[in-house]
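# Close look at the chain arrangement
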Amino acid sequence: MIIFDEVLYAEQIIRNGCSQRNVLVDFKILAKYFIHYKHRTDQEAREEMLNILKNSQTFIPINYLVLKIDKAISFAKTENLKVMNSVIIYKEEVDIINNTIDESLRDLAIVYLFLSKWSNDEKGFFVKEADVKKLLGKQSLRNKDLQIKNKLLEDSEFIKFVDTRTKELIKVLITKEDGEEAFRINDFKHPVLHYRQYLGEKIKKCENCGCLIKITSSNNKYCKDCKKVIKNLQTNQSKQRSKTNKSL
Ligand SMILES: [Zn+2]
């Protein structure tokens, strides 16, 4: 899963401790938080991190902790802190997508443009295939087919894959720094729906959480996630009601 807001995530670590799965990722985000957000010096960041981490995680043995913290701090200085500020897409960028990219690839192009602007790193960004599919709203897409689409976007000179020592980054080649705004992406779960709305498709907001949803013929009110939660709530309530009725 992509961590879209690293400030919120860091504050969660400070409150609740590290995640079980990705403790070194947690270290890096915490270091970025202290260096970029709290503007601490290396020494101050190291001390604060040590204070938090010596009690809130047991994955890294205490005698390695300073070493790992220092590594995280030097990494933190090479990367931006990522937050969930809304991402502005310019008209010129949309025009490039609409005019030069095959229709079957446009949603994917929007996802990459969104990730590129959100990560705000000229080297490019790294993303897992599963996360791309989630952002596309197409979890059933096979990795092989995603790779074919990637290749086609590369051939259209929309993206470039950049090999680094540790991973393959994606760099979007058509991003603009300013211009006329087309739309703003603030629903980080469904970036593509902002694009669809701009194109004139019927999109509205979930009445519970406010994320974007497609309007269907059944006049849906909620997104998939909220629909499940609300349905469960209603079932439980009606169960309870029938229980109370019986006991009367
Ligand atoms: Zn919702």
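Residues numbered from 1 in each chain as written. Predicted model: local features only at pLDDT ≥ 70, side-chain atom pairs only at ≥ 80, totals over all residues. Heavy atoms only, no water.

### Description of the overall build of the chain
Where we set the bar: Runs of H or I in DSSP of at least four residues are treated as helices and runs of E of at least two as strands, each being numbered from the N terminus. Burial classification: accessible surface area is computed with a 1.4 Å probe over protein chains only, and a residue below 20% of its type maximum counts as buried, one above 50% as exposed, and the rest as partly exposed. Contacts between residues were defined by any pair of non-hydrogen atoms, one from each residue, lying within 4.5 Å. A 1.4 Å probe and the Shrake-Rupley method give the accessible areas. Residues count as covered only by the protein chains that appear here.
In terms of helices and strands, the chain carries 10 helices and 6 strands. C-alpha extents for the chain along the principal axes are approximately 70 × 60 × 35 Å. Scored against the burial criterion, the 248 residues of the chain give a buried share of 39%. The contacts of the chain with a sequence gap of at least 6 include a subset with a gap of at least 24, amounting to 57%. Summing over all exposed atoms, the chain offers an accessible surface of approximately 15,500 Å²; the carbon and sulfur share of this is 48%.

### Regarding the coordination of the zinc ion
Put simply, the rule reads: For Na, K and Ca the donor cutoff is 3.2 Å, while for all other metals N, O and S atoms must lie within 2.8 Å; water is not among the atoms, so some sites may look incomplete.
Protein-derived coordination of the zinc ion comes from Cys 206 (SG), Cys 209 (SG), Cys 223 (SG) and Cys 226 (SG), at a distance range of 2.3 Å. Here the donor residues for the zinc ion map to a single chain with the spacing C-x2-C-x13-C-x2-C. Taken together, the residues span a long stretch of sequence, with Cys 206 in the loop between strand S5 (203-205) and strand S6 (212-214) and Cys 223 in the loop between S6 and helix H10 (224-247) at a distance of 17 residues. What makes Cys 223 buried here is its relative accessible area of 4%.

### Quick word on the domain arrangement of the chain
Quick reminder of the rule: Where each domain starts and ends follows an automatic or database-derived domain assignment.
Its domain assignment divides the chain into domain 1 (6-76) and domain 2 (87-172). If you average the C-alpha positions of domain 1 and of domain 2, the two centres end up 30 Å apart.

### Description of the nonpolar core
For the record, the criterion: Note on terminology: a nonpolar core comprises buried Ala, Val, Leu, Ile, Met, Phe, Trp, Tyr and Cys residues joined through side-chain atoms within 4.5 Å.
Of all hydrophobic cores here, the largest spans 36 residues; its most connected members are Tyr 112, Leu 115, Leu 153 and Phe 158. Contributing elements (two or more residues each) for this core: strand S1 (87-90), helix H5 (91-100), helix H6 (106-119), helix H7 (129-136), helix H8 (143-155), strand S3 (168-172), strand S4 (181-185) and helix H9 (191-198). Looking at which element gives the most residues to this core, the answer is H6, with 9 residues. Sequence-distant contacts of Leu 153, that is, excluding residues within four places in its chain, are made with Ile 101, Leu 105, Leu 108, Ala 109, Tyr 112, Phe 158 and Ile 159. Formed by 25 residues, the second largest nonpolar core is a distinct cluster that contains Ile 3, Tyr 9, Tyr 33 and Ala 72.

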